[in-house]
Amino acid sequence: PVRGNLGIQAVSADQSSDGFTVVQGNAANAIPYSAGADYVDYLPSLNLAFDLANENVVRLGLGRQMARPRVDQMRANNNTSLEFSGANIGRWSRNGGNPELQPWIANAFDLSWEKYFAERGYFSLAYFYKDLRTYIYDQQGIFDATGLPIPTGYSGPPPQAIGTYSRPANGTGGNIKGFEFTVSVPFDLFVDALEGFGAVANYSDTRSSIKRLGPDGPDEPIAGLSKTVRNISLYYENYGFQARVSQRTRSDFLGEIQGFGADRALVYIDGESVIDFQTGYTFDGGMFDGVSVLLQVNNVTNEPYRQYFLGTGLTQSYEKYGRQYLLGVTYKF
């Protein structure tokens, strides 16, 4: 009654980036700068399924998982400045990318219980936990500033040999955990006349102790994480005809969008509930045998997109991007 697999994946990476150091905004005299790293990560995994009586299944997953850094985070380009006055006169500061970044690494635990019924229906309850061994956030480090050209107009004391560097780096600590519930029900289980009709729904609740700016930073969530996500679909599939209406809902989250100058900007985005619809027909026989037609309408209710200011809740941006219509024809022979 037990089946599964045990394995290990070795991931070898060799990365480098060539760019420039721009001192005091003077791009005309940019200094070439190159850096990189090479490393090997080993990712073991174990997956087991326990077949129990009455079509019950318990699944267990253990493993180490990784997610690569974004390419823009690994850029070599950086901007370097020297303080001309004030308490930090003579201090170098730098901001930019980090070609030496290594991936996000997590030890993952997944446990689920699944119950199947009437051959086509099921429901499941799953718990997941990810222990972050390393994740990426902006950090303050140091760099060797010896040999950098002194900007024109500086008249203070000799610049310091060590500067501060703000850039993405690998940190430690934190976890992501939660549960997910899924159910799929064909309606002909209740009434034979409803053959072909059914519903699929799922709900997930996710919590995270990870702070966007690291363990010692403010209590800000990581980008893209909604605490609750819900999906429900009602469908009909029979006699070559299909129709489906789906609603996907997520709670508020911290989003990462393209800001001014193509830089990434962090904004708080209001939760949304989007309804999509699709219908189609597949011909079986006759002159149109093998032809399938599919019509999709996305964002049926024209759900708005809203950004807001944290604390006050006041609207920062409000957009309606309309419905999207897609029509496709497929022929198989």
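Just so you know, these numbers come straight off a predicted model, no measurement behind them. (Residues numbered from 1 in each chain as written. Predicted model: local features only at pLDDT ≥ 70, side-chain atom pairs only at ≥ 80, totals over all residues. Heavy atoms only, no water.)

**A few points about the overall build of the protein**
Scanning the protein from terminus to terminus reveals 0 helices and 19 strands. Compactness check: the protein gives a C-alpha radius of gyration of 27 Å against a globular reference of 20 Å for 333 residues, more than 25% above the reference. Oriented by its inertia axes, the alpha-carbon framework of the protein measures out at about 90 × 50 × 50 Å. Within the protein, the proportion of its 333 residues that are buried is 32%. For the protein, the proportion of contacts with a sequence separation of at least 24, taken over those separated by at least 6, is 64%. Accessible surface, the protein: about 19900 Å² in total, of which carbon and sulfur atoms supply 55%. (Helix = DSSP H or I, 4+ residues; strand = E, 2+ residues; numbered from the N terminus. Rg over C-alpha atoms; globule rule 2.2 N^0.38 Å. Buried < 20%, exposed > 50% of the residue type's maximum accessible area, 1.4 Å probe, protein only. Contact = heavy atoms within 4.5 Å. Areas by Shrake-Rupley, 256 points an atom, 1.4 Å probe, with all protein chains shown as cover.)

**Details of the sheet that holds strand β17 (residues 305–308)**
Strand order across the open sheet formed by 4 strands is β13-β14-β17-β18, with antiparallel pairing between neighbours. Strands at the two margins of the open sheet, each flanked by one partner only, are β13 (253–258) and β18 (315–319). Pairs of neighbouring strands in the sheet enclose a mean axial angle of 40 degrees, with direction left out of account. Relative to β18, β17 runs antiparallel, the two sharing 4 bridges. By the bridge assignment for β18, tyrosine 305 is matched with glutamate 319. (Pairing = 2+ DSSP bridges. Axes fitted to C-alpha atoms, helices over the stretch in contact; angles between N-to-C directions.)

**Some words on the environment of phenylalanine 309**
With respect to the helices, strands and loops of the structure, phenylalanine 309 is situated in the loop between β17 and β18. C-alpha separation for the pair phenylalanine 309 and serine 226, spaced 83 residues apart in sequence, amounts to 17 Å. Filtering out sequence-adjacent residues up to four positions away, phenylalanine 309 remains in contact with Leu314, Thr315 and Gln316.

**Some words on the pattern of salt bridges**
Within this structure, the stated rule accounts for 11 salt bridges. Ionic pairing is found between arginine 133 and aspartate 131, a salt bridge with its closest N-O pair at 2.7 Å. Given a relative accessible area of 42%, arginine 133 falls into the partly exposed group. Aspartate 270 is the salt-bridge partner of arginine 306, the closest N and O atoms lying 3.2 Å from each other. With arginine 306 in strand β17 and aspartate 270 in the loop between β14 (264–269) and β15 (272–282), this residue pair connects regions lying 36 residues apart in the sequence. Judged by relative accessible area, aspartate 270 falls into the partly exposed class, the value being 26%. Through salt bridges with shared partners, one network takes in Arg70, Asp72 and Glu256. (Salt bridge = Lys/Arg side-chain N within 4 Å of Asp/Glu carboxyl O.)

**A word on a nonpolar patch on the surface**
Among the surface-exposed residues, Leu111, Trp113, Leu125, Tyr127, Phe179 and Phe181 lie close enough to one another that they form a single nonpolar patch of about 520 Å² accessible area. Looking at the nonpolar patch, the elements that each hand over two or more residues are β6 (104–117), β7 (121–144) and β9 (175–186). Secondary-structure assignment places tyrosine 127 in strand β7. (Patch = residues over 30% accessible without salt bridge, like charges linked within 9 Å, V, L, I, M, F, W, Y side chains within 5 Å.)

**Examining the nonpolar core**
Within soluble globular proteins, side chains that are nonpolar tend to cluster in buried spots. Counting 8 residues, the largest nonpolar core consists of Val23, Leu82, Trp92, Phe143, Ala145, Leu148, Tyr154 and Tyr165. Not counting chain neighbours up to four residues away, the residues in contact with alanine 145 comprise Trp92, Gln160, Ala161 and Gly163. With 7 residues, the next largest nonpolar core counts Ala106, Leu132, Ile210 and Ile222 among its residues. (Core = buried A, V, L, I, M, F, W, Y, C linked by side-chain atoms within 4.5 Å.)

**Notes on the packing of aromatic side chains**
The final tally for this structure, using the stated rule, is 15 aromatic pairs. Taken together, a centroid distance of 5.9 Å and an interplanar angle of 35 degrees make the contact between tyrosine 116 and tyrosine 122 tilted. For tyrosine 116, a relative accessible area of 29% puts it in the partly exposed group. With a centroid separation of 6.1 Å and an interplanar angle of 40 degrees, the aromatic rings of tyrosine 268 and tyrosine 308 are classed as tilted. With tyrosine 268 in strand β14 and tyrosine 308 in strand β17, this residue pair connects regions lying 40 residues apart in the sequence. Each member of the pair tyrosine 268 and tyrosine 308 is classed as buried. Against the face of phenylalanine 253 rests arginine 250, its NZ or CZ located 3.6 Å from the ring centre. (Phe/Tyr/Trp six-rings, centres within 6.5 Å; stacked < 30°, edge-to-face > 60°. Lys NZ or Arg CZ within 6 Å of the ring centre and 35° of its normal.)

**Quick look at the environment of proline 1**
Tracing the backbone through its elements, the reader meets proline 1 in the segment before β1 (2–23). Sequence-wise, proline 1 and aspartate 51 are 50 residues apart; in three dimensions their C-alpha atoms are separated by 5.0 Å. For proline 1, the contacting residues outside a window of four places in its chain are Ala49, Phe50 and Asp51.

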